[in-house]
Amino acid sequence: MSDLNIKFRDPSEVMKLSRLGSFHQSKLSFLRSFIREFKDWDYKRDLFDLDKNGYGTAVYSFSKNERNYSLVCFAQHINSEERSDRVIATKWDAAFVLHDGIPTKEDIRRLRDNVPKQEVGRVSYKELTLSRANKSVRAFDHVVEYLSLGKQPDKNLLNKVGYLYRTTAVYGSGKFGLADRFRIKDRKEIYGPFRLEMMLVYLVRQFTFDQVNHIAKFKNPTKAVELDIDIARNLGIGNSTGLGMAPFIVNHPTLLHNWIFCREKALKEIRSIEKVNVNDLNIFKDCLIKSKVSINTWLTDSDYQNHKINSLKVDLTKFDQYLEKECSVKKKYLWNSIYIWSAKNLKDECLEYIVSMMMEPYDKIIDPLINNMSSEEDEYFTIPADKKVSDLKIILENNYKSIIKIDFSKKDSTFNFWFISKNKEEPRVANRYEEHGAELEQPLAIARDIKKLYEKIIKTKQTSSIADFLLNNDDVRHVVRRAFIVDQFPYSEIQDNTIGASLVPIDMLRLKLSFFGAVKFDPRSDKWLRINMYQGAPLSHEMKNFNDTWVYNVIN
Amino acid sequence: MQSLSEIDTTSKRASKAAGFSWGIAEEIGKAIRNLELFGLPGIINLNLYLKKIKKKHPEKLKKIEKENKNKELCPIYCGVAFLDQCKHLETLRTIKFYNINYPMLILPFVSKASEILGKKILIQYNKSSFLVNFNKSILSKNIETQIVTLANEISIVFLENKNSFSDQEWKEIYKLSEETFVEESESLKTKGAGAGLTDND
């Protein structure tokens, strides 16, 4: 395909947290691939049993051939002082569970007793994902009020919020009794990662529209109108995300590799295209133009994020000039030229934005990658203990170059520690030197432990087997395992110190959320942020005929 | 019921709390998950064993030999070391451990070793025996109780890959399978495989 021999980007460059924290949604994102996969499925609202205030039970489903997935929704009244996005909340406006198949009345009764309780309830192997959400009271009440008066809501207000409901967690893979992944992993339609979590959020979005229409109708049966579908389409589902996501990307190294590797493979293949088709360049330009309008709706009070957004805007102006003056399909390897120019002239935020955008014209490159984004993690769990210490030393020196140079005797290098809170069983990060609990630190200080491992092995007889080394050094066993994984999966490790004083935890969240396909990152601190999912996405009845670039739809 | 994911995570955390390193605790999580997957009493045995060692952590093994004796041996340390060294230990054919606590807990590590080596392994203690099949299943015989707190002697035998049937039995079943074949006529011989009449081209 190419005589340029484009190489994969170096993990030591891509896997820096500052770079990972600059990733944007792309055609590889899970919510976009969910819609592509399920576009041919039959969508149905099977039950809608809500009272005049919108409280009650609803069931939505996707079905195809013999397979059926049902979202069971429970909406209830809560007092305003009970409404919280924090994990300390115990009540939510609505709770949701994705059931495998068609739920019986007995299933719905069982789920009604448990799903609204979330973490303290129990679900079964017949359930796949679990979530809860709170109303954006400001947007929700406004929409209900206007619809009941026969008017459409104020678009400006809705643009600022972007959704009617905000989820605060979406659980899957065996949590609280949910089905283990092994039970369902061979189903072709869910080969892509987090597909059932994406389905749940998508169907919740439909529930929010149906609920406002329903309440407005009851409020004023003669005058009420339904929410305009163009307005509905421009609403997504919000999400508040805290530190729970951060350990995930450390604890699932092969999965992380597969996500990043697919992105890097796509980039490499696109850069290797010798002759760029004019239509493909136009798709790129069109997405870029539309997306810039969307950027103006990314509102946040976070200085950190505003700095990133401003940097993106400034760089996009520079990029426009470059694109206008120097980019023509007559140029061989145009994408490669664009990439090289961008890497040289743009900051991380814009560079990764352009990388995401470059994928838009290329279904043929992206589609085959989607099914490679899951991982059979257990296959890589066993340590190849018959290898030699010298093998491990080479792996560490090749894959952790910058990590083994960190001086961990400095306080700043070990400033933070990660722990699990007893109250909510959720990950947290704290100052090691000011807070108690560091003795119960979680094994997420990978850089520090890798350095410790390196210092041990350089003092060990190099011809010893790993098995012999581990007999006397089981304190570093967890990172020995990681090192052998990174040897096979070079994008599996964050190339930064996740306990250093300069750690910005939301960079870790943003990485994961960008792969989900989230937009409008709105950090509320350095440890949690709000985002929007599915804004601009086709509505349930529109899925069969949709444009995959919906994410760039102009929000007006 | 608890999912296997919950069993894995909780076993891992409990084992760390009981004094094992994170790396060993990760192994325990997967091991208990596998025992439960195979229908064997993993959580029951781990729970009792972790209670037993909470006050005094067991000694680590220095090395695994053909015969391993101590006042009390830890099934976890023995199991993990066995797994790590299985390629070397295979040459010894039979390994014995004496005075091993909660011997059920060594099974999943031996089972994983069976997968790595591509060999079935037989484990025997008291009157019970377990045949581990490449970590795909564990066949058990004479399990009198779910909990054995101490096995005076465990023998672990690497089994050579061999048929479980006689040559005669194979011949008989093969002969029957031949009844699905078509006897080739001269015409079928020349046309059936799609080859030309000569390869001298």
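## Focus on the overall build of chain B
Alright, step 1. Helix and strand counts for chain B stand at eight helices and six strands.
Alright, step 2. Counting from the amino terminus, chain B carries its helices and strands in the arrangement α-α-α-β-α-α-β-α-β-β-β-β-α-α.
Alright, step 3. In summary, chain B has a C-alpha radius of gyration of 24 Å against a globular reference of 17 Å for 201 residues, an excess of more than 25%.
Alright, step 4. Overall, the C-alpha framework of chain B stretches about 80 × 35 × 35 Å when taken along its three principal axes.
Alright, step 5. Burial statistics for chain B: of 201 residues in total, 36% are counted as buried.
Alright, step 6. For chain B, restricting intrachain contacts to residue pairs at least 6 apart in sequence, the fraction spanning at least 24 positions comes to 63%.

## Re the interface of chain A and chain B
How big an interface is tends to be stated in terms of the accessible area lost upon association of its parts.
Alright, step 1. If you look at the interface, chain A gives 21 residues, while chain B gives 21 residues.
Alright, step 2. Residue assignment for the side of chain A that touches chain B shows that the elements contributing at least two residues are α18 (466–472) and α19 (477–488) of chain A.
Alright, step 3. Considering each element in turn, the side of chain A that touches chain B owes the most residues, four residues, to α19(A).
Alright, step 4. Here the side of chain A that touches chain B is composed, by residue class, of ten nonpolar, five polar and six charged.

## Looking at the sheet that holds strand β5 (residues 137–141) of chain B
Residue and element names in this part refer to chain B.
Alright, step 1. The strand order β1-β2-β6-β3-β4-β5 describes an open sheet built from six strands, whose pairing is mixed. Looking at strand neighbours, the two that pair on one side only are β1 (67–68) and β5, the edges of this open sheet.
Alright, step 2. Of the strand pairs in this sheet, β1 and strand β2 (residues 94–101) are connected by two bridges, and their pairing is parallel. Each bridged residue has a counterpart across the sheet, and for N68 the counterpart in β2 is F97.

## Remarks on the sheet that holds strand β2 (residues 56–64) of chain A
All names here are of chain A.
Alright, step 1. Reading across the sheet, the nine strands line up as β1-β2-β3-β4-β5-β6-β7-β11-β10 and stay open at both edges, with mixed pairing between neighbours. At either margin of the open sheet sits one strand with a lone partner, and together these are β1 (42–50) and β10 (519–523). Pairs of neighbouring strands in the sheet enclose a mean axial angle of 25 degrees, with direction left out of account.
Alright, step 2. Note: strand β7 (residues 236–241) against strand β11 (residues 529–533), five bridges, orientation antiparallel. Its bridge partner lying in β11, T241 is registered against L529.
Alright, step 3. Docked against the sheet, helix α4 (residues 105–114) engages β2, β3 (67–75) and β4 (94–100), running at close to 45 degrees with respect to β3.
Alright, step 4. Lying over the sheet, helix α7 (residues 195–219) contacts β1, β2, β3, β4, β5 (127–135), β6 (163–171), β7 and β11, oriented at roughly 150 degrees with respect to β6.

## Here's the deal with the nonpolar core
Nonpolar side chains tend to gather and get buried jointly when the protein is soluble and globular.
Alright, step 1. Counting residues in hydrophobic clusters, the biggest one holds 201 residues, and the most contacted among them are A:M199, A:L200, A:V212, A:V480, B:F82, B:L107 and B:V110.
Alright, step 2. Per-element accounting of this core gives the leading share, 13 residues, to α7(A).
Alright, step 3. Each of domain 1 (39–242) and domain 2 (377–488) of chain A gives at least three residues to this core.
Alright, step 4. Excluding residues within four positions of it along the chain, A:L200 makes contact with A:L71, A:F96, A:L98, A:T129, A:S131 and A:V170.

## Concerning the pairing of β2(B)
Alright, step 1. Inspection of the sheet shows β2(B) paired to strand β6 (residues 150–158) of chain B by seven bridges, in the antiparallel sense. Bridge pairing in β6(B) places B:T94 opposite B:V157.

## Focus: the confidence of the model for chain B
Keep in mind that low pLDDT regions are not for reading the predicted coordinates in detail.
Alright, step 1. Across chain B, the average pLDDT comes to 93, with 96% of residues at or above 70.
Alright, step 2. Scoring of the predicted complex yields 0.93 for pTM and 0.89 for ipTM.

## Observations concerning unusual backbone geometry
Alright, step 1. Positive phi, normally seen in glycine, also occurs at B:Y102, with a value near 35 degrees.
Alright, step 2. Mapped onto the fold, B:Y102 is located in the loop between β2 and α6 (107–117).

## Regarding the packing of helix α1 (residues 4–17) of chain B against helix α2 (residues 22–37) of chain B
Residues and elements named next belong to chain B.
Alright, step 1. Contact geometry for α1 and α2: axes closest at 7 Å, N-to-C directions at 140 degrees. The interaxial crossing formed by α1 with α2 has right-handed handedness. Residues L4, I7, D8, T9, S11, K12, S15 and K16 of α1 lie in contact with α2, whose contacting residues are W22, A25, E26, I28, G29, K30, I32, R33, E36 and L37.
Alright, step 2. Here the contact of α1 with α2 is built from residues that sort into seven nonpolar, four polar and seven charged.

About the thresholds
Residues numbered from 1 in each chain as written. Chains lettered and ligands numbered in written order. Predicted model: local features only at pLDDT ≥ 70, side-chain atom pairs only at ≥ 80, totals over all residues. Helix = DSSP H or I, 4+ residues; strand = E, 2+ residues; numbered from the N terminus. Rg over C-alpha atoms; globule rule 2.2 N^0.38 Å. Buried ≥ 20, exposed ≤ 12 C-beta atoms within 10 Å, placed from the backbone. Contact = placed C-beta atoms within 7 Å. Nonpolar A, V, L, I, M, F, W, Y, C, P; charged D, E, K, R; others polar. Pairing = 2+ DSSP bridges. Axes fitted to C-alpha atoms, helices over the stretch in contact; angles between N-to-C directions. Core = buried A, V, L, I, M, F, W, Y, C linked by C-beta atoms within 7 Å. Domains from an automatic or database assignment. pLDDT = per-residue confidence, 0-100. Left-handed = near helix turned anticlockwise from the far one by under 90°.

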